[in-house]
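Okay, here's what each chain looks like letter by letter:
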Protein chains: 2
Amino acid sequence: MQIKFSRMSSRIKPSAIRNKLFDDPQLITFAAGRPAEGLFPVEDLITASQSMLSASGIKALQYSSSEGNDEIRKYIAEVLMKKAGVDVTAKNIMITSGSQEGIDLCGRMFIDEGSTIICENPTYTGALGSLRPYNPKFVGVEMDENGIITEHLEKLIKENDDVRLIYTVPDFHNPTGVMMSRQRRKELAEISGRYNIPVMEDRPYSELNYDGEYLPSVKSFDKEGVVLSLGSFSKIFCPGLRMAWICADEEILQKFITIKQNASMQCSSFDQELTVEYLKNNNIYEHIEKLRALYKSRRDKMIECLDKYMPDYVNYNRPTGGFFIWVTIQKDIDTTELLAEAVKQARVGFIPGEPFYADGRRCNSLRLSFSSVTEEEIEQGIERLANFFKERF
Amino acid sequence: MQIKFSRMSSRIKPSAIRNKLFDDPQLITFAAGRPAEGLFPVEDLITASQSMLSASGIKALQYSSSEGNDEIRKYIAEVLMKKAGVDVTAKNIMITSGSQEGIDLCGRMFIDEGSTIICENPTYTGALGSLRPYNPKFVGVEMDENGIITEHLEKLIKENDDVRLIYTVPDFHNPTGVMMSRQRRKELAEISGRYNIPVMEDRPYSELNYDGEYLPSVKSFDKEGVVLSLGSFSKIFCPGLRMAWICADEEILQKFITIKQNASMQCSSFDQELTVEYLKNNNIYEHIEKLRALYKSRRDKMIECLDKYMPDYVNYNRPTGGFFIWVTIQKDIDTTELLAEAVKQARVGFIPGEPFYADGRRCNSLRLSFSSVTEEEIEQGIERLANFFKERF
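Since this is a predicted model, take the numbers as computed values, not measurements.

A. Inspection of the environment of P133(B) at higher detail. Residue and element names in this part refer to chain B. Note that P133 resides in the loop between α5 (125–131) and β4 (137–141). As a C-alpha pair, P133 and I76 span 57 residues in sequence and 30 Å in three-dimensional space. With residues near it in sequence (within four places) discarded, P133 still touches M8, R11 and I12.

The structure is reproduced here in structure tokens:
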């Protein structure tokens, strides 16, 4: 007799981003969307941890609420009000351990086996990984340079049974870099309200725009209280603290709190207090300005190198923010197979396209991240990758 | 049309421990099993956070592995070897965000709707809360003063279809305070191995023995690699950091890592680094000695007051460790109903017995915690509770 595992566990696959192939220190890797660690505010956090522990050490070390620290929830609500145009208070915010937990909790809240999730195709592979255990039917909606094509979305809602959730990355879409237009955001929120199907908008990159304007969140157009807005400090502060949030209608949020209570009780009291203390004594927007300048120059460098080195059968977009460039090789090639060769021969890492598609299709695209590589590494890595393509095709 | 929620979400109930009734600051509450915060090592953590951030700030703020920090996994494996008699290495340890997350991940790994979980009856209500969303059939196994009656367990395994998991709190059982005997641990591991049904042993209180010996963990008797051992720093260090672990056979642990990766990516890098730094520079066993002394005197005081004040129709055990005393009122009374009265009239809080039973039975027992109340509060609170009983019955 063997140990019996759940059907749920059989659906779970290792993350394509946390691939052990990328552990080779000789690699120039454009794979993971890791923030540039050189800009982590280490000194400010030494100060903050000192003063926080002196003033409220016991609070930071004791159990705390499942919904999260009231001060940080208030702060997040205010930023959402001022910047993203969302009319909310602290009562609409629950802290999650990274947006990954937030996405998982949305799966738990809304998905039964066989119910439908509509998502961009391709979409963030981590979201697929997090939602797949609930065994939904994933249906891909078409996108253009303005994001989700809302006519197509509405068609899919009508054609598919039991649509429970619409997942989107509206700002600097992962992996394609597309910015959803204001008009499409409005239409998306309207469709969500009309059919009572929650939109889960995932906004890790919203503050990281390098050209062009910052757009209000999809939730800002939500009249029926059905849009869920997920945000995170991981890309604008530091991911090691796992500080993220779900913003939802109060009634839905109460359900999320109960779900979170049962699933993981609460987030780290310490990390929440530390973040509050940092935000009190530092202007995080000054910090974000530095990040923006750095990432902008890395993006510029990567585009410049792609223009300079890539053969003409390689196409790519020019994202106005975020971490990623989506590259398509106009050849009959599977980039999942190509990755092992590229690591071995060019010593360059990337994420192949396939894990970004819910249907796991053979795919001639790949994702490059410019966030955690220096301009020298970008120059060398893109040249090596281009040479590898030229030899290979 | 209404928003559709999952069936899973419909099974989720608010925690009986995080009841808003207990928020009244006038209350003397014996409800939550909160550690005594006066002994939190705040000064040592000020030092540790300074030195840790100076030496490895970037590591603490960046993404890190899903399995957890290698140093802390090594430390946990060594303690399990030396103290609990478990033959493991770091490769058998995964860090979880509190044992609550660990229990949830066990549900995800092993439970399908309708499959069976055998647990002590009563059992830890938080575990029931965490496992209930997976819709198992809970079956209660009988206990005596030596813990689970293994003959009854084997009978239940034969009588029930598709038993997937056996959940137990072997040390200072929550809520009854019972310590499972060495012989029963051995038999439990043998049964687990013989039927290939994983035991999930939950060991938050193992280091908190006040009289008598420390017993090896159930996993130490596990010859087939089927026992899962969950442990936590919450009760011996500080719960705000959410530092806990699953110890399992390497093959099973690899599955847990993939499940964790999809569910919440990783635990806080910061909290892991901080704990490592604290453990390097402090002898946590000196700290645990202080905790033991404090909790022992609080347990003694509570027993003394129960002996002194309670009428003879109130029975209770004398636990040799842990946080809890299990009190039974030999009257036809539902302690869930009694709680609201006790809060109002006696201004004393406790956890009623019902949420500790998987079948949610009407129950004349209640759980008292002595961990986070002073001896003065114990004296006053127990006297008030006893007077309330005397008036009420």
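B. Broad picture of the pairing of β4(B). Residue and element names in this part refer to chain B. As paired strands, strand β3 (residues 116–120) and β4 are joined by five bridges and run parallel to one another. The partner of I118 across the bridge, within β4, is V139. The parallel pair β3 and β4 is bridged by α5, and the resulting crossover is right-handed.

C. Region of the structure containing the relation of the copies chain A and chain B. For these two chains of identical sequence, chain A goes onto chain B by a turn of 180° and a shift of 0.0 Å along the axis, with RMSD 0.0 Å. The superposition operator between the copies reduces to a two-fold rotation axis. A share of 100% of interface residues in chain A that are also interface residues in chain B marks the association as one of identical surfaces.

D. Representation of helix α11 (residues 335–346) of chain B within the structure. All names here are of chain B. In a regular helix each residue adds 1.5 Å, so 12 residues correspond to 16 Å; α11 covers only 14 Å between its end C-alpha atoms and thus falls short of that length. Along α11, the positions that sit buried rather than exposed are T335, L338, L339, A342, V343 and A346. An end-on view of α11 places all buried positions within 140° of arc, on one side of the element. Among the exposed residues of α11, those pointing more than 90 degrees away from its buried face are E337, K344 and Q345. In the core, the buried residues of α11 are packed alongside β12 (324–329), β13 (348–349), β14 (351–352), β15 (365–369) and α12 (375–392). Two or three places before T336, at the opening of α11, D334 has a side-chain oxygen 2.9 Å from that residue's backbone nitrogen. The positive-phi residue at the C-terminal boundary of α11 is R347, with phi of around 55°.

E. Region of interest: the sheet that holds strand β12 (residues 324–329) of chain A. Residues and elements named next belong to chain A. Taken in spatial order, the four strands make up an open sheet running β11-β12-β15-β14, and their pairing is antiparallel. In the strand order of this sheet, the two ends are held by β11 (314–316) and β14 (351–352), each with one partner. Relative to strand β15 (residues 365–369), β14 runs antiparallel, the two being bridged by two bridges. Within β15, the residue paired with P352 across the bridge is L366.

F. Representation of the state of the cysteines within the structure. Residue and element names in this part refer to chain A. Summed over all chains, the structure comprises zero disulfides over all chains. In this structure C247 is a free cysteine whose sulfur lies 11 Å from that of C106, the closest cysteine sulfur available. Left unpaired, C363 is separated from the closest cysteine sulfur, that of C119, by 14 Å.

G. Structural view of the interface of chain A and chain B. Chain A puts 79 residues into the contact, and the matching count from chain B is 79 residues. Carbon and sulfur atoms supply 57% of the area buried between chain A and chain B, which totals about 7000 Å² over both sides. If you sort the residues of chain A by the area they bury against chain B, R18(A), L61(A) and Y63(A) come out on top, with a joint share of 12%. Taken together, the connections running from chain A to chain B amount to six salt bridges. Among the ionic pairs, K4(A) bridges to D162(B), the shortest N-O distance being 3.0 Å. Here chain A and chain B share 38 residue pairs in polar contact (both at pLDDT 80 or more) between them. For the side of chain A that touches chain B, the secondary-structure elements that each account for two or more residues are α1 (7–10), α2 (42–61), α4 (98–110), α5 (125–131), α8 (250–264) and α9 (269–281) of chain A. In terms of residues, the side of chain A that touches chain B owes the most to one element, α2(A), which gives 11 residues. Residue composition of the side of chain A that touches chain B, by class: 34 nonpolar, 27 polar and 18 charged.

Rules used in this analysis
Residues numbered from 1 in each chain as written. Chains lettered and ligands numbered in written order. Predicted model: local features only at pLDDT ≥ 70, side-chain atom pairs only at ≥ 80, totals over all residues. Heavy atoms only, no water. Helix = DSSP H or I, 4+ residues; strand = E, 2+ residues; numbered from the N terminus. Contact = heavy atoms within 4.5 Å. Pairing = 2+ DSSP bridges. Right-handed = clockwise from strand over helix to strand, strands pointing away. Least-squares fit on C-alpha atoms with pLDDT ≥ 70 in both. Expected span 1.5 Å × (residues − 1). Buried < 20%, exposed > 50% of the residue type's maximum accessible area, 1.4 Å probe, protein only. Arc of directions from axis to C-beta. Polar contact = N/O pair within 3.5 Å; in protein donor to acceptor, adjacent residues only side chain to side chain. Disulfide = S-S within 2.5 Å. Buried area = accessible area lost by both parts, 1.4 Å probe. Salt bridge = Lys/Arg side-chain N within 4 Å of Asp/Glu carboxyl O. Nonpolar A, V, L, I, M, F, W, Y, C, P; charged D, E, K, R; others polar.

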